[in-house]
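Chain and residue survey
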Amino acid sequence: MNQEVTRIVVLTGAGISAESGLATFRGDDGLWEGHRVEDVATPEAFARDPGLVHQFYNARRAKLEEVKPNAAHLALARLDAEWPGELLVVTQNVDDLHERAGSKRLIHMHGENKKAWCLRCDERFAWTGAMGLDAECRACGTAGGLRPDIVWFGEMPYEMERIEDALRECDLFASIGTSGAVYPAAGFVQTARYCGAMTVEMNLEPSQGSIFFDEVRIGPASDVVPTWVEELLQSAQSSPISR
């Protein structure tokens, strides 16, 4: 590497989980699992037809029981465990594959499908199984106020201040399996690059923001991410990082 790396930010998108068998956010036809995004991923959709929205996310939640982390998730968990410097993995995904692989230095900027949010008392808590119109809040005990703890279109992603701070301070920014089309995540590379970080993209094909990356590695995440992680850890061994 051309400069010393001690602080890393990794952004992951739908492409990393697609190899585990989870559908990417939008297909070529503009639909997500046969639904218009506007019908299942906006506050207005939930207000209009909460039953449909619950049904959609219940199916996504059930699907998580059929899949497992792939080599890319496991490689990032290895980086989390072995990297001696600072690391933050920011995922746009609402699945739990990073956690199941072992990642701990992790932010779900778009929320988590295995969490519920009570609109009555504002509590958030773990949730497995189906969620419906009559589901009861485990905090306040009322029914009918739960929704998936997921950031929908028109809502503010979680922990943006912490993410922006990490982007401004990192030496290396990596983007894995993202389209580069959805903001604010699509702009992360520009923030990191402007602040002096090296930037690398790993994807099946160049994203819409590929021009902002110093390096682009094309291929399945399960192939390119383990190789990249091995290179990083080897570089840390040859040039030990001071804590």
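The rules behind the values
- Chains are numbered independently. Their residues run from 1 in the order of the written sequence.
- Reporting of local features is limited, given that this is a predicted model, to residues whose pLDDT is at least 70; pairs of side-chain atoms are given and counted only at 80 or more, and all residues count toward the totals for whole chains, interfaces and linings.
- In computing side-chain values, all of the structure's heavy atoms are included and hydrogens and water are not.
- UniProt positions are given in the numbering used here, feature names are shortened, and annotations may be inferred rather than shown by experiment.
- Put simply, a disulfide is two cysteine sulfurs that come within 2.5 Å.
- To sort residues, take the accessible area from a 1.4 Å probe on protein chains only and compare it with the maximum for the residue type: under 20% means buried, over 50% means exposed, and anything in between is partly exposed.
- The helix count covers DSSP runs of H or I at least four residues long, the strand count covers runs of E at least two residues long, and both are numbered beginning at the N terminus.
- At least two DSSP bridges between two strands are required for those strands to pair.
- Whether a crossover is right-handed comes down to one check: with the strands pointing away from the viewer, does the path from the first strand over the helix to the second run clockwise; if it does, it is right-handed.
- We call two residues in contact when some of their heavy atoms are within 4.5 Å.
- Each polar contact in these results corresponds to two N or O atoms within 3.5 Å; when the atoms are within protein, one needs to be able to donate a hydrogen and the other to accept it, and residues that are neighboring in sequence are counted only if both atoms are side-chain atoms.

Taking an unreviewed UniProt entry as the reference, the chain is identified by name as NAD-dependent protein deacylase belonging to Sphingomonas hankyongi. Quoted straight from UniProt, the Subcellular location (unreviewed entry) entry for the chain says "Cytoplasm". We quote the UniProt Sequence similarities (unreviewed entry) comment for the chain here in full: "Belongs to the sirtuin family. Class III subfamily."

Attention shifts here to the state of the cysteines. This structure, assessed with the given rule, holds zero disulfides. Left without a disulfide partner, Cys118 is nearest to the cysteine sulfur of Cys137, which lies 3.7 Å away. In this structure Cys118 comes out as buried when scored by relative accessible area, which is 1%.

In terms of residue burial, strand 10 (residues 198-203) counts as a mostly covered element, since six of its six residues are buried. Going residue by residue along strand 10, you find Met198, Val200 and Met202 tucked away on one face and Thr199, Glu201 and Asn203 tucked away on the opposite face as well. Relative to strand 10, strand 9 (residues 172-176) is paired through five bridges, and the arrangement is parallel. The residue of strand 10 that forms the bridge with Phe173 is Thr199. At this point the chain moves from strand 9, through helix 8 (residues 188-194), to the parallel strand 10, and the crossover so formed is right-handed. Relative to strand 11 (residues 215-218), strand 10 runs parallel, the two sharing four bridges. Note on strand 11: the bridge partner recorded for Asn203 is Ile218.

Here Trp117 shows up in strand 6 (residues 111-118). Since its relative accessible area comes to 16%, Trp117 is described here as buried. On a C-alpha basis, the gap between Trp117 and Phe153 in space is 16 Å, while along the polypeptide they are 36 residues apart. Those residues in contact with Trp117, other than ones at most four positions away along the chain, are Asp122, Glu123, Arg124, Gly145, Leu146, Arg147, Asp149 and Tyr158. Separated by 2.9 Å, the side chains of Trp117 and Asp122 make a polar contact.

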